[in-house]
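So the chains spell out like this:
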Amino acid sequence: MVYGQGGVRGIRCNLSYREHKVLPLVEIRRIAPDFYTYSVRAGHGDACHTEDALGSLERCLNDAGDSLGHYFPTVSLCLDGQDLGCYSVQRLLLTPISLAAELLVKAQPPALPA
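In this text, all values refer to a predicted model and were calculated from it rather than measured experimentally. (Residues numbered from 1 in each chain as written. Predicted model: local features only at pLDDT ≥ 70, side-chain atom pairs only at ≥ 80, totals over all residues. Heavy atoms only, no water.)

## Re the overall build of the protein chain
Now for step 1: Scanning the protein chain from terminus to terminus reveals 4 helices and 7 strands.
Now for step 2: In the protein chain, the succession of helices and strands from N to C terminus is β-β-α-β-β-β-α-β-β-α-α.
Now for step 3: When the 114 residues of the protein chain are sorted by exposure, 36% land in the buried category.
Now for step 4: Within the protein chain, contacts between residues at least 6 apart in sequence are counted, and of these 48% link residues at least 24 apart.
Now for step 5: Counting only carbon and sulfur atoms, one obtains 55% of the accessible surface of the protein chain, whose full area is about 6,700 Å². (Helix = DSSP H or I, 4+ residues; strand = E, 2+ residues; numbered from the N terminus. Buried < 20%, exposed > 50% of the residue type's maximum accessible area, 1.4 Å probe, protein only. Contact = heavy atoms within 4.5 Å. Areas by Shrake-Rupley, 256 points an atom, 1.4 Å probe, with all protein chains shown as cover.)

The structure is reproduced here in structure tokens:
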């Protein structure tokens, strides 16, 4: 067991981009209006790192970046089952507020034509 920011328990894998050339997938789920949880997968395997509820999307992104930053330069993000693309792990760490706003706009379903 490892503890993320705020003392939240999680499970960490020993994954390395340099060794495996794997692009990790961070799957973020909204579990309440202002609470999110995430898991990290490498390839098609089971989740290797999971977090309990975090109080904002920004905190979730930052915590995921902190978990991955030493091992991976890039991560694929998914919010509530919707693939949102690949992002620099540094962006999760350095600009989580603006990235969260961007992801929430990107995750909005397209407006239906009138």
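Having seen the model, we can carry on.
## Some words on the pairing of strand E4 (residues 35-42)
Now for step 1: In terms of burial, E4 is largely enclosed, as 6 of its 8 residues are buried.
Now for step 2: In the sheet, strand E3 (residues 24-32) pairs with E4 via 8 bridges, with the strands oriented antiparallel. The partner of Arg29 across the bridge, within E4, is Thr37. (Pairing = 2+ DSSP bridges.)

## Examining the nonpolar core
Now for step 1: Val26, Ile28, Tyr38, Leu61, Leu77 and Leu92 are the most contacted members of the largest nonpolar core, which has 23 residues in total.
Now for step 2: Among the elements that line this core, the one with the most residues is helix H2 (residues 57-68), at 5 residues.
Now for step 3: Excluding residues within four positions of it along the chain, Leu92 makes contact with Leu61, Asn62, Ala64, Gly65, Val75, Leu77, Tyr87 and Leu99. (Core = buried A, V, L, I, M, F, W, Y, C linked by side-chain atoms within 4.5 Å.)

## Considerations on the confidence of the model for the protein chain
Now for step 1: The share of residues in the protein chain with pLDDT of 70 or more is 68%, and the mean pLDDT across the chain is 77.
Now for step 2: Looking over the protein chain, one finds the lowest element-wise mean pLDDT in strand E1 (residues 2-3), namely 33, and the highest in helix H3 (residues 89-94), namely 95.
Now for step 3: The low-confidence segment residues 1-20, where pLDDT is below 50, has 45 contacts with residues more than four positions distant or belonging to other chains. (pLDDT = per-residue confidence, 0-100.)

## Thoughts on the pattern of salt bridges
Now for step 1: In total, this model carries 3 salt bridges according to the counting rule given.
Now for step 2: The closest approach of N and O atoms between Arg91 and Glu102, which form a salt bridge, is 2.5 Å. Of this pair, Arg91 sits in helix H3 while Glu102 sits in helix H4 (residues 96-107); the two residues are 11 residues apart in sequence, bridging distant segments of the chain.
Now for step 3: Owing to a relative accessible area of 27%, Arg91 belongs among the partly exposed residues under this scheme.
Now for step 4: We classify Glu102 as partly exposed; its relative accessible area is 32%. (Salt bridge = Lys/Arg side-chain N within 4 Å of Asp/Glu carboxyl O.)

## Let's talk about the pairing of strand E7 (residues 82-88)
Now for step 1: By the bridge criterion, 6 bridges tie strand E6 (residues 74-79) to E7 in an arrangement that is antiparallel. Counted as the bridge partner of Leu79 is Gln82 from E7.
Now for step 2: The loop that links E6 with its antiparallel partner E7 comprises 2 residues; one of these, Asp80, has a positive phi angle of about 50 degrees.

## What about H4?
Now for step 1: Over its 12 residues, H4 runs 16 Å from end to end, which matches the ideal 16 Å to within 8%, given 1.5 Å per residue.
Now for step 2: Within H4, burial applies to Pro96, Leu99, Ala100, Leu103 and Ala107. All buried residues of H4 project into a common sector of 100 degrees when viewed along the axis, lining one side. Among the exposed residues of H4, those oriented more than 90 degrees off its buried face are Ile97 and Val105.
Now for step 3: Residues of H4 that are buried in the fold lie against H2, E6, E7 and H3. (Expected span 1.5 Å × (residues − 1). Arc of directions from axis to C-beta.)

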